[in-house]
Structures are given as C-alpha cells and as structure tokens.
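Results of the structural survey
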Amino acid sequence: RKEVEQDPGPFNVPEGATVAFNCTYSNSASQSFFWYRQDCRKEPKLLMSVYSSGNEDGRFTAQLNRASQYISLLIRDSKLSDSATYLCVVNTLYNFNKFYFGSGTKLNVKP
Amino acid sequence: SAVISQKPSRDICQRGTSLTIQCQVDSQVTMMFWYRQQPGQSLTLIATANQGSEATYESGFVIDKFPISRPNLTFSTLTVSNMSPEDSSIYLCSVQGRAGASNEQFFGPGTRLTVL
C-alpha cells in the first residue's frame, strides 16, 4: 500500500468554483502534513502546512483528520492561475525526517 | 523560503557518460535531499545527503550509480553515472531545516536530464 494516496484527477472546474481534494495516508505515526503546488515543468512549491486544528490562507483551507488519516485542501473562488498539480506530502519523524509524496491531483480551472 | 540553485538546469547526454549536478543553498540547512521525477509521475526520493558522511540511499538506489557529496551545510552534488535512457528525468534537490522553517522542505528548480 502506498504511504500517500491521491485522486490523480484531472478536476476540471470553471472560474469561481469551489473545489476540494482529499488525500489519505497509511502511517498513523505521521507527524507533519503539507500541500505543495507544482506547475508544469517547474519544481514543487510549498502551498501550506496542515495543522491539527485546520488552517486557512486566503482562498485555501486545509484540514487534517487524524482518526480517518486524511487531509483535505479546499480552494474557493478558483482562478485560472490555480491550474496546477497539487501534491499531498506527509512527514514521518521516525525515519530520518523522510517526506512521502502523493502522486498529485491535477486541477484545470477554465474560463 | 531558501534560495536554492541547481546547475546545470538541463543537459542532453550520451549513453554511458556521467553527469554531476550541483545544488547550492543561500544559507545553512540541516538536511539536503535528492529526488527524481519522471515524466507524469510524482517525486521519488533517491537519497539523503549527509554532511561529512556517506549519503543514505532509498531502496532501489545505490551509491555506485548515484554518488552524492555534501562537503558542507550549503552545498551538495549528485552524480548520475554510466547513464542510460532510463535515467532521463528531472532531478531535484531539496532542503530542510532552515532557520524559521525547520520542518518544511524547499526545492531547487531542478535539472532536466535527457540521455540519448
């Protein structure tokens, strides 16, 4: 079983829509959680860390559900510039700070 | 976030040759990593570059094929040895443990390698 699993998509949404991605992780000892954004032919860039209490950054909201071992990312009022692949990342401190990357969810925001 | 540079940004190489990729960070970091990302796929960790000691390799990656150096806290190299077309990929370095962002990883711009 993969450490981190994501729906690859693509999610095709119109501008202004609200879209949500989920990601599940297999290791209950996971400590830290992140969402990264990767544009085509570019490196991944940190979008936001995910805290136990949930956190919001502008149009982006991240939630963590430890009991069910999933994290979510909600994007409100989608912009064309939000089109990218969103990577779910989980960190387990027991293994030398290793990060596990999901395969990514592709989002296409259309005019 | 850390400023991370990689050289070269891209290269086209002949089968059987080797290429060394450099990663430079603008400040000292605790951890440096090397990843590979093949077309349409997610990132695969090759190894953790340890300062002053041998790198820690992930399953499926060996030192003879991917020798790594890390002479100090701001610099690392990855060599792709005896290349074959299957090594064509994007190679990314990342860093973790920078002041003010101790738990987050930041990536360099990547090196796009094509092996003919």
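Look up a bit, the structure's there.
An account of the accompanying structure is given in this report.

Cut-off values and rules
- Residues numbered from 1 in each chain as written.
- Chains lettered and ligands numbered in written order.
- Predicted model: local features only at pLDDT ≥ 70, side-chain atom pairs only at ≥ 80, totals over all residues.
- Heavy atoms only, no water.
- Helix = DSSP H or I, 4+ residues; strand = E, 2+ residues; numbered from the N terminus.
- Pairing = 2+ DSSP bridges.
- Axes fitted to C-alpha atoms, helices over the stretch in contact; angles between N-to-C directions.
- Buried < 20%, exposed > 50% of the residue type's maximum accessible area, 1.4 Å probe, protein only.
- Core = buried A, V, L, I, M, F, W, Y, C linked by side-chain atoms within 4.5 Å.
- Contact = heavy atoms within 4.5 Å.
- Buried area = accessible area lost by both parts, 1.4 Å probe.
- Salt bridge = Lys/Arg side-chain N within 4 Å of Asp/Glu carboxyl O.
- Polar contact = N/O pair within 3.5 Å; in protein donor to acceptor, adjacent residues only side chain to side chain.
- Phe/Tyr/Trp six-rings, centres within 6.5 Å; stacked < 30°, edge-to-face > 60°.

**Quick look at unusual backbone geometry**
- Residue Pro10 of chain A follows Gly9 of chain A across a cis peptide bond; omega there is 5°.
- In this structure, Pro8 of chain B follows Lys7 of chain B across a cis peptide bond, with omega equal to -5°.
- Mapping Pro8 of chain B onto the fold places it in the loop between strand E1 (4-7) and strand E2 (10-13).
- Phi at Gln69 of chain A is positive, roughly 55°, even though this residue is not glycine.
- Relative to the helices and strands, Gln69 of chain A resides in the loop between strand E7 (60-65) and strand E8 (70-75).

**Let's talk about the sheet that holds strand E6 (residues 55-57) of chain A**
All names here are of chain A.
- Taking strand neighbours across the sheet as the criterion, the 5 strands line up as E1-E3-E8-E7-E6 in an open arrangement whose pairing is antiparallel. Pairing within the sheet leaves two strands with one partner each, and these edge strands are strand E1 (4-6) and E6. With strand direction ignored, the average angle separating the axes of adjacent strands in the sheet is 20°.

**Remarks on the environment of Ser94 of chain B**
Residues and elements named next belong to chain B.
- Counting through the fold element by element, Ser94 comes out in strand E9 (residues 89-98).
- Take Ser94: its relative accessible area is 0%, and that puts it in the buried class.
- In the structure, Ser94 is positioned 77 residues away from Thr17 in sequence and 25 Å away in space, judged by C-alpha atoms.

**Some thoughts on the nonpolar core**
- Grouped together as the largest cluster of nonpolar side chains are 26 residues, with contacts concentrated most on Trp34, Ile46, Phe66, Ile68, Leu78, Tyr91 and Leu113 of chain B.
- Listed by contribution, the elements that provide at least two residues to this core are strand E3 (19-25), strand E4 (31-37), strand E5 (43-49), strand E8 (75-80), E9 and strand E11 (111-115) of chain B.
- With 4 residues, the single largest contributor to this core is E3 of chain B.
- Of all hydrophobic cores here, the second largest spans 24 residues; its members include Phe21, Val50, Ala84 and Leu107 of chain A.

**Thoughts on the sheet that holds E8 of chain B**
Residue and element names in this part refer to chain B.
- The strand order E1-E3-E8-E7 describes an open sheet built from 4 strands, whose pairing is antiparallel. The sheet is open, and its two edges are formed by E1 and strand E7 (68-72), each paired on a single side. With strand direction ignored, the average angle separating the axes of adjacent strands in the sheet is 15°.
- Bridging between E3 and E8 involves 6 bridges; their strand directions are antiparallel.

**Regarding the environment of Asn91 of chain A**
Residue and element names in this part refer to chain A.
- Looking at the secondary structure, you find Asn91 in strand E9 (residues 84-92).
- Residue class for Asn91 comes out buried when judged on its relative accessible area of 0%.
- Measuring from C-alpha to C-alpha, the distance between Asn91 and Lys79 comes to 29 Å, with 12 residues separating the pair along the chain.

**Quick look at the interface of chain B and chain A**
- Listed as interface residues are 19 residues of chain B and, on the opposing side, 18 residues of chain A.
- Taken together, the two surfaces of chain B and chain A that pack against each other cover about 1500 Å², and 50% of this comes from carbon and sulfur.
- Taken as a group, Ser42, Asn103 and Phe107 of chain B account for 28% of the area that chain B buries against chain A, more than any other trio of residues on that side.
- The tally of links from chain B across to chain A stands at 1 salt bridge.
- For Lys98 of chain A, the salt bridge identified is with Glu58 of chain B, shortest N-O distance 2.3 Å.
- In this assembly, chain B and chain A are joined by 5 residue pairs in polar contact (both at pLDDT 80 or more).

**Brief notes about the pairing of E1 of chain B**
Residue and element names in this part refer to chain B.
- A one-sided burial pattern is seen for E1, the buried positions being Ile4 and Gln6 and the unburied ones Ser5 and Lys7.
- Relative to E3, E1 runs antiparallel, the two sharing 4 bridges. Opposite Lys7, over in E3, you have Gln22 as the bridge partner.

**Observations regarding the packing of aromatic side chains**
- Throughout the structure, instances matching the rule amount to 12 aromatic pairs over all chains.
- Measuring from centroid to centroid gives 5.4 Å for Phe21 of chain A and Tyr86 of chain A, while their planes differ by 40°, and the two rings are tilted. Separated by 65 residues along the polypeptide, Phe21 of chain A in strand E3 (residues 19-25) and Tyr86 of chain A in strand E9 bring together distant segments of the chain. Summarising the burial analysis for this pair, Phe21 of chain A and Tyr86 of chain A share the class buried.
- Note on Phe34 of chain A and Phe99 of chain A: the rings are 5.3 Å apart at their centroids and 15° apart in plane angle, and the pair reads as stacked. Remark: Phe99 of chain A occurs in strand E10 (residues 98-101) and Phe34 of chain A occurs in strand E4 (residues 32-38); sequence separation between them is 65 residues. Note on accessibility: Phe34 of chain A and Phe99 of chain A belong to one class, buried.
- Aromatic rings pair up to connect Phe34, Tyr36, Phe99 and Phe101 of chain A together with Phe33, Tyr35 and Phe107 of chain B into one cluster.

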